[in-house]
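Residue-level structure breakdown
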Amino acid sequence: MIFHDSQNPYYRSPIGAVPTQSFVRLAIDVDLKDKISSVRLHTWQESCGSIYYNLKKSSWDEKHYFIDLDMPEDGCLVWYYFIIELADGKLLYYGNNKAQMGGIGQEAIEVPPSYQITVFKKDVKTPDWFKKSVMYQIFPDRFYRSGNYIPRKKHAVLHCDWNEPPMYYLDPDTKNVVTYDYFGGNIQGIKEKLSYLKDLGISVIYFNPIFKSRANHHYDTADYHQVDPMFGTNEEFAELCSQAKEMGIRIILDGVFSHTGSDSIYFNRFGNFDSVGAYQSKDSPYYEWYDFKEYPRKYDCWWGFTSMPNTKETTPSYMDFIIRSEDSVMNFWMDKGISGWRLDVIDELPQKFTRCFYQKLKKLDKDAVIIGEVWEDASNKIAYNVHREYLCGYEMDSAMNYPLRKIILDFILKQKTAQETEVSILNQHENYPEENLYAMMNLLGSHDVERVLTLLGEAPSVENVPACVQAKYKLDDAHLRLGIARLKLAVAWQMTLPGVPSVYYGDEIGMQGYRDPHNRASYKWDDADSNLRHFFTRMISLRNHRPVLQTGWYEPIYAQDDVLAYMRTTKLGRDRFNQKMQDDCILVVLNRHQEKTMTVEINVHGFCQHKLHEVTGMYPDVEIVDNKAKIEIEPLTALVFEQEKEKIEYARKAGIIMHPTSFPSDYGIGDLGKEAYDFVDWLVKAKQKIWQVLPLNPVGYGASPYQSPSAFAGNTMLISPEKLVEINLLNKKDIVLDYKADIDYCEPHTCDFNHELGKQNSQRI
C-alpha cells in the first residue's frame, strides 16, 4: 500500500497554497512486501525543470517517509509526485488522481499526474474592502435610460420601445454585423438607480466597456480616453464615481487592451477620425501597435473579427500609452475615481504586460483591484502552451470564477453528486491562495453566458434552437417555477461561500435569455419578479451583516447524494486572515432534490452546541443531541442556521479548591469516604457554593494527576475501604491495618486555627 493525501496535514503541511521562502512538509506511507531501496520526490518548476529529493524515514513509523521542502524565492507553481524504487530496481510511482483534483492520489507504474503547490509572493494582499463586497455587473446600454435625448451615431439603430428584444442586423451574404442596436441606457440613468442598487445591498459595480466604440458591446474601442457619447460625458462619469462613493459603492471598469477597434483613432480603417491611423500609413505613430500580414488589408485580429485588430501589447509605446505615461489610460480613469479594472481576455495578454499593469496600479493605489477574465482554474491556466501563474502575486487579485459557476450548476442540475461537488470545491481551495480565493468574482451569470434562470429552468440547448426562436423564448410556467426555486438555491449558496458574489443585472428580477444578444436585453423595470428580488435582497443583507460569511473559515461538513452542507466559522475569535472577529458560526444545508424531503444528521461537534436557529425564522429551531443536528430539509431548499446564543448569567459564588487526598485518613492519603461527606456538610454550614476538585485520574510522572496515563480512568487510591465494607464488598477484617499513619489533623467542622503553627510559619517567612 502506498498513500498520500494532499488535503491531509499528516501528509502535506500546510495544506494548499503557500508563501515564498516557506517550507512544506510532504509525506507518504509506503507499506510493501518488497524491500524498498529508496523513496524520492520529483518536483518540476517552469523556471528550473525537474529536481529529485530523497525522503527520510520517520523515526516513529518505519512506513512513513517525509521531506521538508523549501519553497522558491519567487512565486510560481511547484509540481510533485513520488518515486519508490524497489531493491530489484523496479520503479513505482504515486501522484495525483486521474481527475487531478488533489486529495487522495493513486499508485502507478508510469509517471503519474502531478500534485500542484501554488507558491505566492509572501507579502501579497488583496484589498480587504473587495473581499467584503457584493458586486453588480451592468451592461450600460441596457440598464436604464434617463431622458429622451439620444446622440447621433453612425451604424446604429435605436429601439423606440425599451422592452423590445435585442438583435443584430447582419449582412445577408457575409453574415457580418452591419448595424448595431441601442436602447439608450446612459450614465445619468445609472446615477438615478444608485439608490436601487444600495437598497439591494450592492457595494461595487462592474461596468462592461464604456469607451467610445462602434459596436454596442464596446469591446472594439475607438477612443480609450472618452466615454461613448451614447452613455454621456467623462464629466458625468466622474460625477457618477463620486456620488456612488458617497453611498458606499465603488466602480470597476472593463479594460480591453488585447485589441482595439478597426474604426478607431489608432487604426482608423474607415477614415472616421482626424488621426493618421495604422491602416492609413506605416508612418502612423500607431503602426507598430499592430501586426500586418499584407499591409494594409490583412492583419492579425481577435478571433478572426476584422473589426477588432489585435495589438502587440509589449510594444513600448503601447505599454506607455496604456500603463506608464503620465496621461496613460490607467492614470486617466483612476483619476476619475474608479477603484479597479477587469482585464478582458487576460490570457491573451502577455505576462510582461499584465505584470507591469499590476505593479503600476498597486503603486497608484494599493487598494485598487484587478480582476482577470479566466474561464478555467486561474491558478494553472495554460494559455497558448504557457502555464500562466496568475495567482502567484504578480498579476491579479481576482478572476471571474467560472469554475465555481460550473460547480454550482452541475450540482443543482444533477450533473454531479454532492460528494463530487465537495471534491471540486476543495480542489479550488487547495490551488488558490486564500487572499485570492476570498476575492474571487463568484458569478452565476454574465454577458458571455446564458441567463442563469434560463439554464436552471431547463430550456432546450441553444444548439437546438433556431436564432429566431431564441429571441422570443420564455420558460413555461412549470419550468419557470422550477428555475426560480433552483435560482434561490444557487443564490443562497453563492452568498455564503468565500469570495465576492456577483449579480448580473436583471438576474435578481428573473430575466431570461439565451446567449448574446439575448442575455443582454434591457432591464425589465416594469416586469420584475418582486418576490425573487426580495429574496436576493435578503440573502445579500445576510452576507453584508455577518462578517463570518465574508472572511470566516469554510469547513465542509456533509456531502451525500442530493444534500450538501458546510460551515462558515471563526476560530478562537479570528477569521481566515487571523483578524479579530466576534465568534460566529453559520451552517448552510442545500437540498437539490425536486420532490423529496431529505432527513440528514450532521455532526457539528466543535462548531455548535445546544440549539441551531434558522435565520429566516421559517424553519423551527434544531436541538443538538450528542453533537449531532437532525435536520429535515424540503425539496429545492437552502437552510441557513446560526448558533443560538444562550444567555447564561452566573451568580456570584465562593468555594474551596481541595483534592480528596488532602482529607485526614488512617491510611495516610485521603479518599472519598466519610471525611469527604463531612467536608461537604461543612461547606454547606459555611455557606460555600463550590468545591473545585482537582483531577481524579491515576497519577503519572512525579505522582502528578496532571500527567495521568489515562483521561478516562479514576484513581483507585480514592476508593474508600470503609464504603466498600458498607456495601458488603469487603469485611471489616479486610481493612485492618498493621500500621498507624503519622498524621496531625483536625476535623474541618471543629478545628480552630493553630496560632502557634502560624507563628512558626511566619517566622520562617
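One can find the structure itself at the top, above this paragraph.
Residues numbered from 1 in each chain as written. Predicted model: local features only at pLDDT ≥ 70, side-chain atom pairs only at ≥ 80, totals over all residues. Heavy atoms only, no water.

Now for the pattern of salt bridges. Two side chains that carry opposite charge are able to pair once their charged atoms sit near each other. Under the defined criterion, the tally for this structure stands at 40 salt bridges. Measuring nitrogen to oxygen at the nearest pair gives 3.0 Å for the salt bridge that ties lysine 125 to aspartate 128. Look at lysine 125 and you get partly exposed, because its relative accessible area is 43%. Among the residues examined, aspartate 128 registers a relative accessible area of 35% and is labelled partly exposed. (Salt bridge = Lys/Arg side-chain N within 4 Å of Asp/Glu carboxyl O. Buried < 20%, exposed > 50% of the residue type's maximum accessible area, 1.4 Å probe, protein only.)

Bringing the packing of helix α8 (residues 402-412) against helix α9 (residues 418-431) into the picture now. At a minimum axis separation of 10 Å, α8 and α9 run at an interaxial angle of 170°. Comparing their axes, α9 and α8 come out roughly antiparallel. Across the interface between the two elements, Pro403, Leu404, Ile407 and Phe411 from α8 touch Ala418, Thr421, Ser424, Ile425 and Gln428 from α9. For the contact of α8 with α9, the class distribution of residues is six nonpolar, three polar and no charged. (Axes fitted to C-alpha atoms, helices over the stretch in contact; angles between N-to-C directions. Helix = DSSP H or I, 4+ residues; strand = E, 2+ residues; numbered from the N terminus. Parallel < 35°, antiparallel > 145°, perpendicular 65-115°, else oblique. Contact = heavy atoms within 4.5 Å. Nonpolar A, V, L, I, M, F, W, Y, C, P; charged D, E, K, R; others polar.)

One open sheet accounts for three strands, arranged β14-β16-β15; its pairing is mixed. Across the chains shown, the open sheet's two edge strands, defined by having one partner strand only, are β14 (156-158) and β15 (168-170). Averaged over all neighbouring strand pairs, the angle between strand axes comes to 25°, with direction disregarded. (Pairing = 2+ DSSP bridges.)

All right, on to the packing of aromatic side chains then. Following the criterion strictly, the structure yields 55 aromatic pairs and no others. When the centroid spacing of 5.2 Å and the interplanar angle of 75° are considered together, the rings of phenylalanine 679 and tryptophan 691 count as edge-to-face. Of this pair, phenylalanine 679 sits in helix α16 (residues 674-685) while tryptophan 691 sits in strand β39 (residues 690-692), and the two are 12 residues apart along the sequence. We classify tryptophan 691 as partly exposed; its relative accessible area is 23%. The ring of tyrosine 144 carries lysine 193 above its face, with NZ or CZ at 4.6 Å from the centroid. Of note, lysine 571 hangs over the ring of tryptophan 553, and the distance from its end group to the ring centre comes to 4.0 Å. (Phe/Tyr/Trp six-rings, centres within 6.5 Å; stacked < 30°, edge-to-face > 60°. Lys NZ or Arg CZ within 6 Å of the ring centre and 35° of its normal.)

This part is about the packing of helix α5 (residues 316-324) against helix α7 (residues 351-364). As a packed pair, α5 and α7 sit with axes 10 Å apart at the nearest point and diverge in direction by 30°. With respect to their mutual orientation, α5 and α7 come out roughly parallel. The handedness of the crossing between α5 and α7 is right-handed. Taken together, the residues of α7 that come into contact with α5 (itself represented by Tyr318, Met319, Ile322, Ile323 and Arg324) are Lys352, Phe353, Cys356, Phe357 and Lys360. A class-by-class count of the residues in the contact of α5 with α7 yields seven nonpolar, no polar and three charged. (Left-handed = near helix turned anticlockwise from the far one by under 90°.)

The pairing of strands in a sheet comes from backbone hydrogen bonds and takes either a parallel or an antiparallel form. Sheet architecture is open: eight strands sit in the order β30-β31-β32-β37-β34-β35-β36-β33, paired in antiparallel fashion. Only two strands of the sheet have a single neighbouring strand rather than two, namely β30 (553-560) and β33 (598-603). Pairwise comparison of adjacent strand axes, ignoring direction, gives a mean angle of 25° for this sheet. Examined bridge by bridge, β30 and strand β31 (residues 563-569) share seven bridges and lie antiparallel to one another. The partner of proline 556 across the bridge, within β31, is tyrosine 566. Sheet strands in contact with α9 are β30 and β31, and its direction is about 160° off that of β30.

Looking now at unusual backbone geometry. The step from serine 13 to proline 14 runs through a cis peptide bond, and the omega angle for that step is 0°. Within the secondary structure, proline 14 is located in the loop between β2 (12-13) and β3 (18-19). Within the chain, histidine 155 stands out as a residue other than glycine whose phi angle is a positive 60°. Following the sequence through the fold, histidine 155 ends up in the loop between β13 (135-138) and β14. Residue classification places histidine 155 among the partly exposed positions, given a relative accessible area of 33%. Positive phi, normally seen in glycine, also occurs at aspartate 626, with a value near 50°. Tracing the backbone shows aspartate 626 in the loop between β35 (622-625) and β36 (628-633). Residue classification places aspartate 626 among the exposed positions, given a relative accessible area of 69%.

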